[in-house]
Amino acid sequence: MLMSGRAREAKLHYLDGNFRVLVHGDHVVCAVTGAAIPLERLTYWSVARQEAYVDAAASLEAERAAGAA
């Protein structure tokens, strides 16, 4: 899917337990790793920072970094 050459980054508004699509696309980018996350696999994000994370480890790293700031 992401290798089709038609990949387009979506823009989302992250809510508690859900998200709203602002700009249609097939993936978002992890705020920590820069990895593309297909929308159907998006599980982790921060409502406060409006960021997506590829996995729990990236989410925890972001939380720790935010706490240190």
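In case you missed it, the structure is sitting above this.
Bear in mind that the values here come from a model prediction, so they are computed numbers and not experimental data. Every chain is numbered independently, its residues counted from 1 as its sequence is written. It should be noted that, the model being predicted, local features are given only for residues of pLDDT at least 70 and side-chain atom pairs only at 80 or more, the latter also being counted only at that level, while totals for whole chains, interfaces and linings use all residues. Water and hydrogen atoms play no part in the side-chain values, which are based on all heavy atoms of the structure.

## Notes on the packing of aromatic side chains
By convention here, two paired aromatic rings are described through the distance between centres and the angle between planes. Basically, it comes down to this: Note on aromatic pairs: the rings of Phe, Tyr and Trp (six-membered ring only in Trp) are paired at centre separations within 6.5 Å, and the planes decide the class, stacked below 30 degrees, edge-to-face beyond 60, tilted for the rest. Strands are runs of DSSP state E lasting at least 2 residues, helices are runs of H or I lasting at least 4, and numbering of each runs from the N terminus.
Inspection of every chain in the model, using the stated rule, returns two aromatic pairs. Here Phe19 and Trp45 contribute two aromatic rings whose centre-to-centre distance is 5.5 Å and whose plane-to-plane angle is 85°, an arrangement assigned as edge-to-face. You can see Phe19 sitting in strand β2 (residues 18-23) and its partner Trp45 sitting in strand β5 (residues 44-46), a full 26 residues away along the chain. An aromatic cluster is present here, built from Tyr14, Phe19 and Trp45 joined pairwise through their rings.

## Considering the side chain of Ser46
Rules: For the exposure calls, accessible area comes from a 1.4 Å probe over protein chains only, and a residue counts as buried if that area is under 20% of its type's maximum, exposed if over 50%, partly exposed in between. Distance and chemistry together define a polar contact, namely a pair of N or O atoms within 3.5 Å, with one atom able to donate a hydrogen and the other to accept it when in protein, and with adjacent residues in sequence counting only for side-chain atoms on both sides. Any two residues whose heavy atoms approach within 4.5 Å are treated as being in contact.
Along the polypeptide, Ser46 turns up in strand β5. On the basis of relative accessible area, Ser46 is assigned to the buried category, the value being 5%. Polar contacts involving the side chain of Ser46 include one to the main-chain amide nitrogen of Ala48, which spans 3.4 Å. There is a polar contact of 2.9 Å between the side chain of Ser46 and the backbone nitrogen of Arg49. Look past the residues within four positions of Ser46 in its chain and what remains in contact with it is Tyr14, Glu51 and Tyr53.

## What about the pairing of β2?
Keep this limit in mind: Should DSSP find at least two bridges between two strands, the strands are regarded as paired.
The pairing of strand β1 (residues 11-15) with β2 spans five bridges and is classified as antiparallel. Within β2, the residue paired with Lys11 across the bridge is Val23. Once β1 ends, the chain turns through two residues before running back antiparallel as β2, passing Gly17 with a positive phi of about 80°.

## Some words on unusual backbone geometry
A positive phi angle, near 55°, is found at Gln50, a position not held by glycine. Here Gln50 shows up in the loop between β5 and β6 (51-53). What makes Gln50 partly exposed here is its relative accessible area of 31%.

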